[in-house]
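Residues per chain are reported as follows:
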Amino acid sequence: MGFRSFVILAAMRTGSNFLEESLNGVPGIACHGELFNPAFVGYPKGDAPLGITREDRDLDPLAVVARLNNAPGLNGFRFFPDHDPRVLGPVLADDTCAKIILSRNPADSYVSLAIARRTDQWKLGDIRSRKTARVRFDEAEFLRHLTRLTKFRRGVQTALQQSGQTAFHLDYDDLGDVAVLRGLLRFLGAPHDVARPTHRLLPQNPEPLAEKVTNPREMAAVLARLDPFGLSRIPEFEPRRG
């Protein structure tokens, strides 16, 4: 039996908007934004997808999932750590819902989030309207960010292991790769020859991480303490060693 729906398990500033735009360019696939964001349904501005009101969703979020499963085509949504927790368990247990896990280096996502909050720019479609800012790397705030992401990811992994499911894993750097997007469409059971990374959205802060903070040495020291053996993808401040 094929998938009836899909969920993108991600977090803020991981490239989920870009991935959603790319999937929405594929015939028969529709991603409906953050359906279970506490502050809005789908998107901060615009009509609620699938005719779902915020009141109805809050009253019975699983009815929203059922509506998604029964909608024409393959429909999905993005789910973040702070979204309605009543939804996560049933969705993870449903093996007809495809799981897409999207990751980004936590230091990159933390700094990107801080810049977005400073500039109030959350998407970029025109380079001429790009806003820039340098922010301070706050160790305590970053550790809270890292703890929240780790707890969420471990919970997802455990649920999938216990139910014998697998997920399609993507990294932020994979999102512009046509071959990877084709692999994702194969996983979903969709025509993979129509894979096209979106051109409607642009990277907002493409500079090296050290250039986006006001205290790069302090940040580097914090990250080194968290990963003394360099086993994870820590932001690079010098060339990789062999």
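Residues numbered from 1 in each chain as written. Predicted model: local features only at pLDDT ≥ 70, side-chain atom pairs only at ≥ 80, totals over all residues. Heavy atoms only, no water.

Q: Lay out helix α3 (residues 61-70) in plain terms, naming residues and giving numbers.
A: Listing the buried residues of α3 in full gives Pro-61, Val-64, Val-65, Leu-68 and Asn-69. Axial view of α3: buried residues confined to an arc of 140 degrees, hence all on one face. Against β1 (5-9), α2 (54-59), β3 (74-79) and α4 (85-93) lie the buried residues of α3. (Buried < 20%, exposed > 50% of the residue type's maximum accessible area, 1.4 Å probe, protein only. Helix = DSSP H or I, 4+ residues; strand = E, 2+ residues; numbered from the N terminus. Arc of directions from axis to C-beta. Contact = heavy atoms within 4.5 Å.)

Q: So what about helix α8 (residues 216-226)? Which residues, and what values?
A: What α8 keeps buried is the set Met-219, Val-222 and Leu-223. Viewed along the axis of α8, the buried residues span an arc of 95 degrees, placing them on a single side of the element. Exposed positions of α8 whose direction lies more than 90 degrees from the buried face are Arg-217 and Arg-225. The inward-facing, buried residues of α8 abut α5 (106-119) and α6 (139-163).

Q: Describe the sheet that holds strand β4 (residues 97-103), and please don't skip the residues or the numbers.
A: Taken in spatial order, the five strands line up as β2-β3-β1-β4-β5 in an open sheet, and their pairing is parallel. If you trace the sheet from one side to the other, it starts and ends with β2 (29-31) and β5 (168-171), each paired once. With direction set aside, neighbouring strand axes in the sheet form an average angle of 20 degrees. Relative to β4, β1 runs parallel, the two sharing five bridges. For Leu-9, the partnering residue across the bridge sits in β4 and is Ile-101. The strands that α6 touches are β1, β3 and β4; relative to β4, the one it contacts most, it runs at about 150 degrees. (Pairing = 2+ DSSP bridges. Axes fitted to C-alpha atoms, helices over the stretch in contact; angles between N-to-C directions.)

Q: Just give me the short version of the packing of α6 against α8, but keep the residues and values in it.
A: It is at 11 Å that the axes of α6 and α8 come closest, and there the two elements cross at 40 degrees. When the interaxial angle is binned, α6 and α8 end up oblique. The handedness of the crossing between α6 and α8 is right-handed. Residues Glu-139, Phe-142, Leu-143 and Leu-146 of α6 touch α8, and the partners they reach there are Val-222, Leu-223, Arg-225 and Leu-226. Residues belonging to the contact of α6 with α8 are distributed by class as follows: six nonpolar, no polar and two charged. (Parallel < 35°, antiparallel > 145°, perpendicular 65-115°, else oblique. Left-handed = near helix turned anticlockwise from the far one by under 90°. Nonpolar A, V, L, I, M, F, W, Y, C, P; charged D, E, K, R; others polar.)

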